[in-house]
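Residue-level listing of the chains:
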Amino acid sequence: MQPTQNAQIFIIDDDAGVREALAWLLRSRRLPSQAYASGTAFDAMLQQGFDPQQPCCLLLDVRMPGLSGLALFDLLSVRGLVEVMPVIFLTGHGDVPTAVDMVKRGAFD
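What you see is a predicted model, and the numbers here were worked out from it, not measured in a lab. (Residues numbered from 1 in each chain as written. Predicted model: local features only at pLDDT ≥ 70, side-chain atom pairs only at ≥ 80, totals over all residues. Heavy atoms only, no water.)

Re the nonpolar core
With 23 residues, the main nonpolar core has F10, F42, L76 and F89 as its most contacted residues. At the level of secondary structure, the elements contributing two or more residues to this core comprise β1 (8-12), α2 (39-47), β3 (56-61), α3 (69-78) and β4 (87-90). Ignoring any residue separated from it by four or fewer positions in sequence, one finds F10 in contact with Q34, Y36, F42, M45, F50, C56, C57, L58 and L59. Within the second largest apolar cluster, seven residues are counted, among which are I9, I11, L26 and C57. (Core = buried A, V, L, I, M, F, W, Y, C linked by side-chain atoms within 4.5 Å. Buried < 20%, exposed > 50% of the residue type's maximum accessible area, 1.4 Å probe, protein only. Helix = DSSP H or I, 4+ residues; strand = E, 2+ residues; numbered from the N terminus. Contact = heavy atoms within 4.5 Å.)

Dropping the structure here:
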C-alpha cells in the first residue's frame, strides 16, 4: 500500500527525543511528518494558512506545558478540524481519569 501523496503527519510533543523517534519511524515507512515542540507552535502554523483538504493526522502529546494536548484538541474541535484531521493521543502518564476525559472529548478508545 502506497502512502497517500501529500499526506502529512503532524507530531506535537514537548519532548525532543519523542519527536525525533516518531519522525524517524515515520520516515522509515516513507510517511512525511512535521514536528512541533508545543501546542502553541502547531496552532500558530494552523493560523498561517493550513489547508484542511490536505490529508493528515496528528500524533498529539496529552501533557505539555502551555497549551496542553487536550486543550489543543478542544480548540481543533471548536474549529471543526477534528473531523478532517484524526488525532492519536500519546502520553507517558496514562491514568484512568485522563482516559475517561479523552473519551468524553471524543476519543475512540
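Concerning the sheet that holds strand β2 (residues 33-36)
With parallel pairing, the four strands of this open sheet are ordered in space as β2-β1-β3-β4. Each edge of the open sheet carries a strand with a single partner, namely β2 and β4. Neighbouring strand axes in the sheet, compared pairwise and without regard to direction, differ in orientation by 15° on average. One ladder, built from four bridges, connects β3 with β4; its direction is parallel. Bridging from a neighbouring strand, L60 pairs with F89 of β4. Across the sheet, α3 touches β3 and β4, and the angle it forms with β3 is around 150°. (Pairing = 2+ DSSP bridges. Axes fitted to C-alpha atoms, helices over the stretch in contact; angles between N-to-C directions.)

What about the environment of I9?
Along the chain, the position of I9 falls in strand β1. Sequence spacing of I9 and M45 is 36 residues, and the spatial spacing of their C-alpha atoms is 14 Å. Apart from residues lying up to four places away in sequence, I9 is in contact with L26, L31, P32, S33, Q34, C57 and L59.

Topic: the environment of L72
Looking at the element boundaries, L72 is found in helix α3. Each C-alpha atom, one on L72 and one on V62, is 9.2 Å from the other, the two residues being ten residues apart in sequence. Excluding residues that lie within four positions of it along the chain, L72 makes contacts with G39, F42, D43, L60 and L67.

Focus: the pattern of salt bridges
A complete count under the given rule lists one salt bridge for this structure. D43 is paired through a salt bridge with R79; the nearest N and O atoms lie 2.6 Å apart. In this pair, D43 is assigned in helix α2 and R79 in the loop between α3 and β4, connecting sequence segments 36 residues apart. (Salt bridge = Lys/Arg side-chain N within 4 Å of Asp/Glu carboxyl O.)

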